[in-house]
Amino acid sequence: MKAKIISVVSVLSCLCAGGAHAASGWQYQGSYARDGVYRDDGSRFVVSFRGGASFQSGKINNEVGSLTTEYYVLPDGSSPISAAYYDDCVAAGTACDAYVYAGMGDIADLPAAKNLSAFSFAAGASIGLTIPNSPQWRMEIGWDHIAETEYNATPLFEGGLPLHGGAVDGVVVDVQSGGVQSTISTDIFSAMAFYDFFDGTQKPLQQFIPYVGFGVGYADTTTVLNLADLYGDLSFSVDLQNFGELDQYGVLQFYPSTKNTANVAGLLALGVSYGLAENTFLDMGIRLTYIPKIEWALSNADATRQRDWFSATNVFYTNIMVGLRFEF
């Protein structure tokens, strides 16, 4: 950590020194005019640093695939109970004789109980160039890190589950399945074009300069999933027992599972900069990043096998950020 701090301080010191050099009469290089004089064409080397808040949203989707559970009901179709509860009832010798087999339902048909909506922090840096003779245009390559945030839901899936294959037709069971505690963190590597609204070859000082930007990027998202069988519908699946261990009560304790999702991302930016010095600008803006899909998956003990469990689609990161931009 100390080494990183020293490196950042060193870079900023060099940039500040560059600013002092510019203020003392150093001329930007451009096209040759005459007698050793160069005409400034507006081209600059650009470095920026930023930080702020990130708001995330997306639609949570069931990605279980296919996982059936069995239910029993009274002859009139009321009072449904799971097969696990029915078996326990029979084993205990209590009054379950009146129940009849209602059929099977697929948990994959259940919708998510809530969508993704989270708040986190973001930080980033970029390097680039302003275009010679068109200095209103900036081209930058950048990196933004969205700090770890959480998606928690109890239950994870919830809704009416139609049953089939039983003694009673048309039974729909209100089902809750699973509880989840999970984390999300994202790194975005981007290439963007910006347009600064000003006239001339040098940006004015002590003025607000609006800008817009757009670009594409590569988004690498890491999710960590902790799934719990809170409603007793998962522990009796033979397949799922590959992804956890049964405890002394017969409840499946799932392994913490990590998954990386890679996406092509689209980016838009809108903001203003304010000239503090000849080559130093305060930058305030909003960056909107679109990511098509982020996935959560179950893993076995040695992470050699995974099973998709749920995903977030049409994910938007809205980053409100403040930073410094140096052009020299």
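Details of the structure are given in the entry above.
The sections below set out a description of the structure shown in this document.

Quick look at unusual backbone geometry now. For the bond running from Thr 154 to Pro 155, omega is 0 degrees, close enough to zero to count as cis. Mapping Pro 155 onto the fold places it in the loop between β8 (134–153) and β9 (157–162). Positioned with a positive phi, Asn 133 is a non-glycine residue whose angle comes to about 70 degrees. Assignment of secondary structure puts Asn 133 in the loop between β7 (116–131) and β8.

This part takes up the sheet that holds strand β5 (residues 81–82). Pairing within the open sheet is antiparallel, and its four strands lie in the order β5-β4-β6-β10. Single-partner strands in this sheet number two, and they are β5 and β10 (164–165). Direction of pairing for strand β4 (residues 68–73) relative to strand β6 (residues 100–106): antiparallel, over a ladder of six bridges. Across the sheet, residue Tyr 72 finds its bridge partner in β6, namely Tyr 101.

Using the criterion set out here, one finds 14 aromatic pairs in the structure. Ring centres of Tyr 72 and Tyr 101 lie 5.5 Å apart, and the angle between their planes is 65 degrees; on these two criteria the pair is classed as edge-to-face. In this pair, Tyr 72 is assigned in strand β4 and Tyr 101 in strand β6, connecting sequence segments 29 residues apart. With a relative accessible area of 16%, Tyr 72 lands in the buried category. Given the relative accessible area of 25%, Tyr 101 is considered partly exposed. Measuring from centroid to centroid gives 5.6 Å for Tyr 151 and Phe 310, while their planes differ by 45 degrees, and the two rings are tilted.

Inspection of the sheet shows strand β3 (residues 45–62) paired to β7 by 14 bridges, in the antiparallel sense. Within β7, the residue paired with Ala 53 across the bridge is Phe 121. Of the strand pairs in this sheet, β7 and β8 are connected by ten bridges, and their pairing is antiparallel. Pairing of Thr 130 across the sheet is with Arg 138, part of β8. Hairpin connection between β7 and β8: a loop of two residues separates the two successive antiparallel strands, and Asn 133 in this loop has a positive phi of roughly 70 degrees.

A separate point is empty space enclosed by the protein. Per the stated rule, a full pass over the model turns up one cavity of 30 Å³ or more. Put simply, the largest cavity is a space of about 140 Å³. Around the largest cavity, the lining is made up of 15 residues, and of these Ser 48, Arg 50, Tyr 211, Asp 283 and Arg 287 lie nearest the centre. When contributions to the lining of the largest cavity are tallied by element, the ones reaching two or more residues are β3, β8, β17 (280–299) and β18 (306–327). With five residues, the top contributor of residues to the lining of the largest cavity is β18. Of the residues in the lining of the largest cavity, the class split is six nonpolar, three polar and six charged.

Let us look at the environment of Ala 262. Relative to the helices and strands, Ala 262 resides in strand β16 (residues 257–277). Judged by its relative accessible area of 49%, Ala 262 is partly exposed. Separated by 75 residues in the primary sequence, Ala 262 and Asp 187 have C-alpha atoms spaced 9.9 Å apart. Not counting residues up to four positions away in its chain, the partners in contact with Ala 262 are Tyr 218 and Ala 219.

Looking at chain direction, β4 and β5 are connected through two bridges and run antiparallel. When the sheet's bridge partners are listed, Tyr 71 is paired in β5 with Ser 82.

Core analysis: the biggest nonpolar cluster contains 50 residues, and Tyr 151, Leu 156, Leu 240, Trp 296, Trp 309 and Phe 310 have the highest contact counts within it. If you tally residues by element for this core, the top one is β18, at six residues. Residues Ala 83, Tyr 86, Cys 96 and Tyr 99 belong to the second largest nonpolar core, which totals seven residues.

Mapped onto the elements, Thr 149 comes out in strand β8. In this structure Thr 149 touches Gln 56, Ala 118, Phe 119, Ser 120, Ser 182, Thr 183 and Ile 184, once residues within four positions along its chain are discounted.

To continue, consider helix α2 (residues 83–91). Ala 83, Ala 84, Tyr 86 and Cys 89 are the residues of α2 that are buried. At its buried positions, α2 is contacted by β4 and β5. Note on α2: the residue one or two positions beyond its end, Gly 93, has a positive phi of about 75 degrees.

Before going further, it helps to examine the state of the cysteines. Considering all chains together, one arrives at one disulfide under this definition. At a sulfur-sulfur separation of 1.5 Å, the disulfide partner of Cys 89 is Cys 96. Because the sign of the S-S torsion sets the handedness, a value of about 110 degrees for the bond joining Cys 89 and Cys 96 places this disulfide among the right-handed ones. Judged by its relative accessible area of 9%, Cys 89 is buried.

What counts, and where the lines are drawn
- Residues numbered from 1 in each chain as written.
- Predicted model: local features only at pLDDT ≥ 70, side-chain atom pairs only at ≥ 80, totals over all residues.
- Heavy atoms only, no water.
- Helix = DSSP H or I, 4+ residues; strand = E, 2+ residues; numbered from the N terminus.
- Pairing = 2+ DSSP bridges.
- Phe/Tyr/Trp six-rings, centres within 6.5 Å; stacked < 30°, edge-to-face > 60°.
- Buried < 20%, exposed > 50% of the residue type's maximum accessible area, 1.4 Å probe, protein only.
- 1 Å grid on protein atoms, 1.4 Å probe; cavity = no way out; pocket = protein on both sides within 12 Å on 5 of 7 lines; lining within 4 Å.
- Points joined across faces, edges and corners; volume = space filled by probe spheres on them.
- Nonpolar A, V, L, I, M, F, W, Y, C, P; charged D, E, K, R; others polar.
- Contact = heavy atoms within 4.5 Å.
- Core = buried A, V, L, I, M, F, W, Y, C linked by side-chain atoms within 4.5 Å.
- Disulfide = S-S within 2.5 Å.

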